[in-house]
Amino acid sequence: MRATRPGRHLWRPYTQMKSAAAPLEAVATWGSRIVLADGRELVDGIASWWTAVHGYNHPHIARAVADQLARMPHVMFGGLTHAPAERLAARLAALLPGDLDHVFLVDSGSVAVEVALKMAAQLWLNRGVTGRTRVLAFRGGYHGDTMGAMSVCDPDEGMHRRFGAYLPRQVFCDLPHTAEQAAALDAALARHRDALAAVIVEPLVQGAGGMVMHDPEVLATIARLARRHGLPLICDEIFTGFGRTGTLFACEQAGIVPDILCLSKALTGGTMALAATVATAEIFDAFWSDDPAAALMHGPTFMANPLACAAANASLDLFEREPRLDQARAIAGRLRDGLAPLARLPGVRDVRVLGAIGAVQFARAPDLAALKADLVARGVWVRPFGDIVYLTPALTIGADDLDHLLSALGRSVAETLRSAQLS
Ligand SMILES: *Cc1c(COP(=O)(O)O)cnc(C)c1O
C-alpha cells in the first residue's frame, strides 16, 4: 500500500523505500540531541553526517545567519561580491597550510569535488597539454554522488559500482601502506603519467568507504610520489576538515600541502549547505591570463550564498574562541577507552579510533535494520553501514551524552552479536 506510507512524495537517500522502516520524524534539535515528533530525544552520535561540530543550534551561528538574513539572504556571485564571502575566503586561506589561498565556494561536497577535478583537467589545457583526462584515485575511497565524483569512488566495493559504464574510467591503486604498495603506486603513476590530470585522496581516513584509517606517512608517500610525477594532489577534506581528526585539517599531520583541497561537511558548523575548493597560487596562476577561455568554467547559481558564508564565518569564530581541537583530542581518549572492550568480543573484527572518530567493524555484516532499531530504542542516533558502526559526535558533546553513546553502542553491539549466534 504505497500511497498510505508516510513520506509518499519524498524520495529517500540510499534507501530501498519498499522494505525500509519509515524514517523517524525530527521536529527540533539542541546540543547533541535530536527531538522526535513523538517526544523522544535521541543523542546524536554522528553529528548529522559529521557536520554539527559545535552541536545543534549554536546561538552564535544562529545570530550570524539571522543578521545576514535581514540584510541580504542571497545575491548572485557573477559580477558581484560581498563581505561574508570575501571574509570567509581570506580566513580559510589564513587557516589552511602553505599557499592554499584561492577559494571557490559552491553548495555541496560533491560539487566541490567536481570543481577540483575540473580545475585539474583545465589546468593542463591552460598549459597547452591535451590528453590528460584521467585521475588516479584509491580503492576504498568515497568522494561524492555526482558523476565525476562517483568516477573516483571505489569502483568495486563502493555504493556506485553499478554505474561503471556511465563513468569516466579512472586509475585505481591501493593506499601505499607497504613498500610494495608504494612501488605499485609509483609504477602506476609512471605508466599512466601522460593520461593523468591529478591524484585524489581522502587524507588519513576514508570515511563513507568504511572508516578506514591510515598513518600520516602513507599520505606523505602519496604527496611525494604525486610531486615526483608532476601531478597535482587533491586532498578531499570534506569529512576530515575542521578538527575531526584532532588537527584543524588532516593534511597537517603529514606536513604536506596539497595543490587542491576540498571542504564542506563541518564548514558551516552543520547549519547551511556550503563547500569550498581551495587551490594553491601555482594552480591559480595557470588560470590567470588575458584569454577568456582560460577562466575556470564553473559557476553554480547559489555559489557563495551569503547566509551560508555568514554561518561559516561564525563557525570559524567558534574554532578561534573555543577549544575545539582539545575537545576532539579528549573525545579520542574517551572513544579509545570506551570502545576497547568491544575489540575482545568474538565477532568484532576491529576497533579503531582517530581523533573524534571511533569505528567498530564486525567480522560479518550484521542485521543493520535490527542494529539501528536497537540503538534508537536505547535513545541513540547512529547510522551503521556495511560491517561498520561508528561514532563521530559533535566536538562539544557533554561527558554524559558521550558516556550514554558508548554504553548504548556497547550493549547494541553485544546484543547484535548474540542474536547473530542464535539465528
Ligand atoms: C560527504 C563527502 C563528500 C560529498 O559531499 P556531499 O555534500 O554529500 O555532496 C565527498 N567527499 C567526502 C570525503 C565526503 O565525506
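Residues numbered from 1 in each chain as written. Predicted model: local features only at pLDDT ≥ 70, side-chain atom pairs only at ≥ 80, totals over all residues. Heavy atoms only, no water.

1. Focus on the site of the ligand
Part 1 of the argument: Close to the ligand lie Trp50, Ser108, Gly109, Ser110, Tyr142, His143, Gly144, Glu202, Asp236, Ile238, Phe239 and Lys265.
Part 2 of the argument: Within the contact set of the ligand, an oxygen atom lies 2.8 Å away from a backbone nitrogen or oxygen of glycine 109.
Part 3 of the argument: Contact between the ligand and aspartate 236: a nitrogen atom at 2.7 Å from a side-chain N or O atom of the residue.
Part 4 of the argument: Look at the ligand: alone it shows 380 Å² of surface, and the protein chains cover 83% of it.
Part 5 of the argument: Residue composition of the shell around the ligand, grouped by class: 4 nonpolar, 5 polar and 3 charged. (Near = heavy atom within 4 Å. Polar contact = N/O pair within 3.5 Å; in protein donor to acceptor, adjacent residues only side chain to side chain. Areas by Shrake-Rupley, 256 points an atom, 1.4 Å probe, with all protein chains shown as cover. Nonpolar A, V, L, I, M, F, W, Y, C, P; charged D, E, K, R; others polar.)

2. What about the environment of aspartate 44?
Part 1 of the argument: Among the structural elements, aspartate 44 can be located in strand β3 (residues 41-44).
Part 2 of the argument: In sequence terms aspartate 44 and arginine 8 are 36 residues apart; their C-alpha atoms lie 26 Å from each other.
Part 3 of the argument: Leave out the neighbours within four places in its chain, and aspartate 44 touches Ser32, Ile34, Tyr56, Trp381, Pro393 and Leu405.
Part 4 of the argument: A distance of 3.0 Å separates a polar side-chain atom of aspartate 44 from the backbone nitrogen of alanine 47. (Helix = DSSP H or I, 4+ residues; strand = E, 2+ residues; numbered from the N terminus. Contact = heavy atoms within 4.5 Å.)

3. Description of the domain arrangement of the protein
Interfaces are often sized by the amount of accessible area the parts lose when they come together.
Part 1 of the argument: Looking at the assigned domains, one finds that the protein contains domain 1 (26-54 + 324-422) and domain 2 (60-321).
Part 2 of the argument: Taken over C-alpha atoms, the centre of domain 1 sits 28 Å from the centre of domain 2.
Part 3 of the argument: Across the contact, 24 residues belong to domain 1 and 25 residues belong to domain 2.
Part 4 of the argument: When the two sides are added together, the surface that domain 1 and domain 2 hide from each other amounts to roughly 2,000 Å², 71% of it contributed by carbon and sulfur.
Part 5 of the argument: Summed over the three residues of domain 1 that lose the most area to domain 2, namely Trp50, His54 and Leu354, the buried surface amounts to 33% of that side.
Part 6 of the argument: Taken together, domain 1 and domain 2 are joined by 0 salt bridges. (Domains from an automatic or database assignment. Buried area = accessible area lost by both parts, 1.4 Å probe. Salt bridge = Lys/Arg side-chain N within 4 Å of Asp/Glu carboxyl O.)

4. A look at the UniProt feature "modified residue: N6-(pyridoxal phosphate)lysine" (unreviewed entry) in the protein
Part 1 of the argument: Cross-referencing UniProt, the feature "modified residue: N6-(pyridoxal phosphate)lysine" (unreviewed entry) maps to Lys265 in the present numbering.
Part 2 of the argument: Residue placement: lysine 265 occurs in the loop between β11 (260-263) and β12 (275-280).
Part 3 of the argument: Not counting residues up to four positions away in its chain, the partners in contact with lysine 265 are Trp49, Trp50, Thr51, Ile238, Phe239 and Gly270. (UniProt positions renumbered as here; feature names shortened; annotations may be inferred.)

5. Considerations on the layout of surface pockets
To find leftover empty space, a probe the size of one water molecule is rolled over the atoms.
Part 1 of the argument: There is about 460 Å³ of room inside the second largest pocket.
Part 2 of the argument: What lines the second largest pocket is a set of 18 residues, and nearest its centre among them are His102, Val103, Phe104, Phe284 and Leu296.
Part 3 of the argument: Every element with two or more residues in the lining of the second largest pocket is listed here: α3 (83-95), β4 (100-106) and α8 (281-285).
Part 4 of the argument: When residues of the lining of the second largest pocket are assigned to their parent elements, the largest contribution, 4 residues, is made by β4.
Part 5 of the argument: The residue inventory of the lining of the second largest pocket, partitioned by class, reads 15 nonpolar, 2 polar and 1 charged. (1 Å grid on protein atoms, 1.4 Å probe; cavity = no way out; pocket = protein on both sides within 12 Å on 5 of 7 lines; lining within 4 Å. Points joined across faces, edges and corners; volume = space filled by probe spheres on them.)

6. Notes on the state of the cysteines
Part 1 of the argument: Applying the stated criterion across every chain yields a total of 0 disulfides.
Part 2 of the argument: Cysteine 173 forms no disulfide, and the closest cysteine sulfur to it belongs to cysteine 235, at a distance of 16 Å.
Part 3 of the argument: Summary of cysteine pairing: cysteine 309 is not part of a disulfide, and the nearest cysteine sulfur, belonging to cysteine 262, is at 17 Å. (Disulfide = S-S within 2.5 Å.)

7. With respect to the nonpolar core
Part 1 of the argument: Counting 116 residues, the largest nonpolar core has Leu136 and Phe242 as the members making the most contacts within it.
Part 2 of the argument: Broken down by element, this core gets its largest block of residues, 10 residues, from helix α4 (residues 109-126).
Part 3 of the argument: Both domain 1 (26-54 + 324-422) and domain 2 (60-321) contribute no fewer than three residues apiece to this core.
Part 4 of the argument: Contacts of leucine 136, omitting those with residues within four sequence positions, involve Val171, Cys173, Leu185, Ala188, Leu189, Leu196, Ala198, Val199 and Ile200. (Core = buried A, V, L, I, M, F, W, Y, C linked by side-chain atoms within 4.5 Å. Buried < 20%, exposed > 50% of the residue type's maximum accessible area, 1.4 Å probe, protein only.)

8. A look at helix α11 (residues 368-377)
Part 1 of the argument: Residues Leu371, Asp374, Leu375 and Val376 constitute the buried set of α11.
Part 2 of the argument: Buried residues belonging to α11 abut β3, β14 (357-362), β15 (380-381), β16 (388-391) and α12 (399-422).
Part 3 of the argument: Its side-chain oxygen placed 3.3 Å from the backbone nitrogen of alanine 369, aspartate 367 serves as the N-cap of α11.

9. Brief notes about the sheet that holds strand β10 (residues 233-236)
Part 1 of the argument: Taken in spatial order, the 7 strands line up as β4-β12-β11-β10-β7-β5-β6 in an open sheet, and their pairing is mixed. Because the sheet does not close on itself, it has two edges, and the strands there are β4 and β6 (171-173). The average angle at which neighbouring strand axes cross in this sheet is 20°, direction not considered.
Part 2 of the argument: The sheet contacts of helix α6 (residues 179-192) involve β5 (134-138), β6 and β7 (196-201), and relative to β5 the element is tilted by about 170°. (Pairing = 2+ DSSP bridges. Axes fitted to C-alpha atoms, helices over the stretch in contact; angles between N-to-C directions.)

10. With respect to the packing of aromatic side chains
Part 1 of the argument: As enumerated under the stated definition, the model contains 7 aromatic pairs in all.
Part 2 of the argument: Here the aromatic rings of tryptophan 50 and tyrosine 390 are separated by 6.3 Å at their centres, their planes lie at 70°, and the arrangement is edge-to-face. Separated by 340 residues along the polypeptide, tryptophan 50 in helix α1 (residues 47-50) and tyrosine 390 in strand β16 bring together distant segments of the chain. For the pair formed by tryptophan 50 and tyrosine 390, the shared burial category is buried.
Part 3 of the argument: Members of the aromatic cluster, connected to one another through ring pairs, are Trp50, Phe239, Phe385 and Tyr390.
Part 4 of the argument: Directly above the ring of tryptophan 124 sits arginine 132, whose terminal nitrogen or CZ lies 4.0 Å from the centroid. (Phe/Tyr/Trp six-rings, centres within 6.5 Å; stacked < 30°, edge-to-face > 60°. Lys NZ or Arg CZ within 6 Å of the ring centre and 35° of its normal.)

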